[in-house]
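# Structural overview
Letter by letter, the chains look like this.
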Amino acid sequence: MTNGTYLGHRACALGLLAGLTMAGAHAAEASAMMPPAEPTRVAASFFFGAIENVDSVAETFTADFYLLQTWNDPRIPGVSLAQIDSNAIWQPKVEVVNSRDIQQPWEPFFPFPEKRELKMLSRFHGTFAAPMDLHDFPFDRQVLPVEIESAAFPTHQVVFDYLGGQHKDRGWTVPLRPEEVLGNSVRLPEWKVDAVQVREFDKYYSFIDATYSRYRIEILVSRRSGFYIWKVMAIEAMMVIMSWVIFRLDPGELGNRLAVSITLLLATVAFNLVVSDITPRVSYLTLLDWFLLGCFVLIFLAGLEAVLVYSLHRSGKGAAMTARVDRCSLVAFPGLFLLLNVLLWAPVLA
């Protein structure tokens, strides 16, 4: 065999080997993109580094959290994962559906283990929508949710699970210990974290006739109401109590009685304008709104009582009648104020 013939045979062999290698790589990539027969169960876990700026008016909050996704992928062929393009490996393609503006400080970390269990770590930072029911404000309890969903794969392709759960039934809920999933920097001055839970449910979209598995993280919080008790409710209560001074003034001194009543009414209006800057602007009345409105009505009724007593005094009904009306008012108005507080706060505090 001549040297030219030998070199030609060797070149053909090397070309055939390179072609087989490239074909194997393309086959591996194609295999990785083929959907499996069963839905891929993606186990997810999370950790919040920060939660802040809970806005009851805008119904939003800001958070920074890590999301770890783990799944077994039978589409990975029996070759070294280093030979497969990472872009060709199947990914759940999750999105945070209740985000207002979200950022990923860095690209998801996608390690390549030797087995077919894949792990992908992502970090999200942004503002999230949190619909709130503020009827019980300032003694309300709210849920701060983060809702995660696959952007490309419906339930027959992807089903979410909590890490280590492997729940066979759909619609599960798992309670978690807050200290395990919340960092030390998670401090909410106005809120107390009561519990953390995660649940999965199906979300149907009628406009595309498709159902997707949704992974919902729920942080259950209750409002710390001390600020509103001491700096809003206590001051308003003192104004109401001050209005009862009218009942101890002389019935014939209408000017002095109305001066007290009108001054307190104007002070209440001004105080409510200041309070409106720190209370939610909603179309319905919260418990605090009912309380402020009730206090205003009681002060207004005290002014009407002064006019009534003055009218009785001018009509010659006698001092006994006017004194009796004042004594009854001195008992009735505190009773009405106590009843107002019992009706408003007892159901919530119970």
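In case you missed it, the structure is sitting above this.
My aim in this report is to walk through the structure given alongside it, one point at a time. Keep in mind that what you see is a predicted model, and the values were worked out from it rather than measured.

Conventions we followed
- Residues numbered from 1 in each chain as written.
- Predicted model: local features only at pLDDT ≥ 70, side-chain atom pairs only at ≥ 80, totals over all residues.
- Heavy atoms only, no water.
- Patch = residues over 30% accessible without salt bridge, like charges linked within 9 Å, V, L, I, M, F, W, Y side chains within 5 Å.
- Areas by Shrake-Rupley, 256 points an atom, 1.4 Å probe, with all protein chains shown as cover.
- Salt bridge = Lys/Arg side-chain N within 4 Å of Asp/Glu carboxyl O.
- Helix = DSSP H or I, 4+ residues; strand = E, 2+ residues; numbered from the N terminus.
- Buried < 20%, exposed > 50% of the residue type's maximum accessible area, 1.4 Å probe, protein only.
- Axes fitted to C-alpha atoms, helices over the stretch in contact; angles between N-to-C directions.
- Parallel < 35°, antiparallel > 145°, perpendicular 65-115°, else oblique.
- Left-handed = near helix turned anticlockwise from the far one by under 90°.
- Contact = heavy atoms within 4.5 Å.
- Nonpolar A, V, L, I, M, F, W, Y, C, P; charged D, E, K, R; others polar.
- Pairing = 2+ DSSP bridges.

## Remarks on a nonpolar patch on the surface
A cluster of nonpolar side chains, namely L285, W290, L293, V297, F300, L301 and L304, defines an oily patch on the protein surface of about 600 Å² accessible area. Its location among the elements puts W290 in helix α5 (residues 287-314). Owing to a relative accessible area of 43%, W290 belongs among the partly exposed residues under this scheme.

## A few points about unusual backbone geometry
Here the amide bond leading from F137 into P138 is cis, since omega sits at 10 degrees, within 30 degrees of zero. One can find P138 in the loop between β5 (117-129) and β6 (141-150). One non-glycine residue, E59, lies in positive phi territory at about 55 degrees. Phi at K93 takes a positive value of approximately 55 degrees, unusual for a residue other than glycine. As for its placement among the helices and strands, K93 is situated in the loop between β2 (60-72) and β3 (94-96).

## Observations regarding the packing of helix α3 (residues 226-243) against α5
Contact pair α3 / α5: the axes reach a minimum separation of 9 Å and the direction vectors enclose 15 degrees. Comparing the axis directions of α3 and α5 gives the class roughly parallel. Our pair here, α3 against α5, has a crossing hand that is left-handed. Here α3 contributes Y228, V232, M233, E236, M239, V240 and S243 to the contact with α5, which in turn contributes L288, F291, L292, C295, F296, L298, I299 and A302. Grouping the constituent residues of the contact of α3 with α5 by class yields 13 nonpolar, one polar and one charged.

## Topic: the pairing of β2
The element β2 is extensively covered by neighbouring structure, given that ten of its 13 residues are classed as buried. The sheet contact formed by strand β1 (residues 40-55) and β2 spans ten bridges and is antiparallel. Paired with D55 across the strands is T60, a residue of β2. In textbook terms, the turn of a hairpin is the stretch between consecutive antiparallel strands, and for β1 and β2 this stretch comprises four residues, one of which, E59, has a positive phi near 55 degrees. Taken together, the 13 bridges between β2 and β5 define a ladder with antiparallel strand orientation. Bridge pairing in β5 places L68 opposite L121.

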